[in-house]
Structure formats: structure tokens, C-alpha cells
Amino acid sequence: MAEHTPSGPVELGAKMDYAEHDRTYTGFLALAKYGSLFCLAIVIAMAFGFFVGGFFSATILCALILAAGAFILR
């Protein structure tokens, strides 16, 4: 026998879970924000370590940039 269920896209008939959508979007924004901060801190620390200081001073600078950035971005 033929089924009498809607054959259209699921998106048109399914109810939206707005709370889950908001949590996912908030998580994505946090990942993008802190991921960008991490990449920027690594690049600056690598340049500092190559041109000015050594490995340990670059590591300390990276930690300071990450701490200051996390404080500013929260």
C-alpha cells in the first residue's frame, strides 16, 4: 500500500529546536573568537622568538597574550 506521509523536505515539517540552535551558534562564535586569538598569539610569539628572543621568552609572551586576550574577549 502507498504511505500517506509527507514526502517533502524534512525542514518544512519538523519543529525547530531553537534552544539547541542558539547553543550551537554560541559555541561556534566562541570557537571562532578564541581560535583566532590562539592563532594570533602563536604568530606573534613565533615572530618575537625568531627576531628578538628565544624559545622561552616567546612561550612567556604567548601565554601573556592568551591571558590578556581571554580577559578582553570574555
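Residues numbered from 1 in each chain as written. Predicted model: local features only at pLDDT ≥ 70, side-chain atom pairs only at ≥ 80, totals over all residues. Heavy atoms only, no water.

**Notes on the overall build of the protein**
Then comes step 1: Each helix and strand counted, the protein has 3 helices and 0 strands in total.
Then comes step 2: When the helices and strands of the protein are read in sequence order from the N terminus, they spell out α-α-α.
Then comes step 3: Out of the 74 residues in the protein, the part that is buried amounts to 11%.
Then comes step 4: Element-wise, carbon and sulfur atoms account for 74% of the exposed surface of the protein, whose accessible area totals about 6500 Å². (Helix = DSSP H or I, 4+ residues; strand = E, 2+ residues; numbered from the N terminus. Buried < 20%, exposed > 50% of the residue type's maximum accessible area, 1.4 Å probe, protein only. Areas by Shrake-Rupley, 256 points an atom, 1.4 Å probe, with all protein chains shown as cover.)

**Comments concerning the nonpolar core**
Then comes step 1: Counting 5 residues, the largest nonpolar core consists of A41, A45, A58, C62 and I65.
Then comes step 2: Where this core is concerned, the elements lending two or more residues are α2 (18-51) and α3 (55-73).
Then comes step 3: For this core, the element with the most residues is α3, which contributes 3 residues.
Then comes step 4: When near neighbours in sequence (up to four residues on either side) are disregarded, I65 contacts L37, A41 and I44. (Core = buried A, V, L, I, M, F, W, Y, C linked by side-chain atoms within 4.5 Å. Contact = heavy atoms within 4.5 Å.)

**A closer look at the packing of aromatic side chains**
Then comes step 1: Considering all chains together, one arrives at 2 aromatic pairs under this definition.
Then comes step 2: Between F50 and F51 the ring centres are 4.9 Å apart and the planes differ by 80°, which places this aromatic pair in the edge-to-face class.
Then comes step 3: Given the relative accessible area of 66%, F50 is considered exposed.
Then comes step 4: Between the aromatic rings of F55 and F56, the centroid separation amounts to 5.3 Å while the plane-to-plane angle is 75°, which identifies the pairing as edge-to-face. (Phe/Tyr/Trp six-rings, centres within 6.5 Å; stacked < 30°, edge-to-face > 60°.)

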